[in-house]
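# Topology and contacts: notes
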Amino acid sequence: MEIPAKVSVFNGTLEVKGKPGRLVAISPDGYYEVILEVQSRNHTVLFPIAETVVIFNEALPDLSADFEIER
């Protein structure tokens, strides 16, 4: 995953449910830095990692291996 990235944000405290945004940083201090559009303007919002779900809009590519793992 590369940052910055387009994401959907879910946070119960702010009642944010799938709001589109741009993840610009993940802080070692425990928060996501996300740019969200609020009232037609872009704002930087700091979401606590423990209370927030961030879903990247771009799915991971399918990787095919040239070998099989026997289980």
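Each remark here, short or long, concerns the structure printed above.
Attention in this report is confined to the structure presented alongside it.

Conventions and cut-offs
Residues numbered from 1 in each chain as written. Predicted model: local features only at pLDDT ≥ 70, side-chain atom pairs only at ≥ 80, totals over all residues. Heavy atoms only, no water. Pairing = 2+ DSSP bridges. Helix = DSSP H or I, 4+ residues; strand = E, 2+ residues; numbered from the N terminus.

## Focus: the pairing of strand S2 (residues 16–27)
Summarising the sheet, strand S1 (residues 5–11) and S2 pair through seven bridges and their orientation is antiparallel. Bridge pairing in S2 places Lys6 opposite Arg22. Between S1 and S2, which follow one another and run antiparallel, lie four residues, and Glu15 among them has a positive phi close to 55 degrees. Where S2 and strand S3 (residues 31–38) come together, six bridges link them in antiparallel fashion. Across the sheet, the residue bridging to Arg22 is Ile35, located in S3.

## Looking at unusual backbone geometry
Residue Ile3 is joined to Pro4 through a cis peptide bond whose omega torsion reads 10 degrees. Of note in this structure, Glu15 is not a glycine but carries a positive phi near 55 degrees. Inspection of the secondary structure assignment puts Glu15 in the loop between S1 and S2. Positive phi values are uncommon outside glycine, yet Ser40 reaches one of about 65 degrees.

Distances and angles like these do not, on their own, reveal function.
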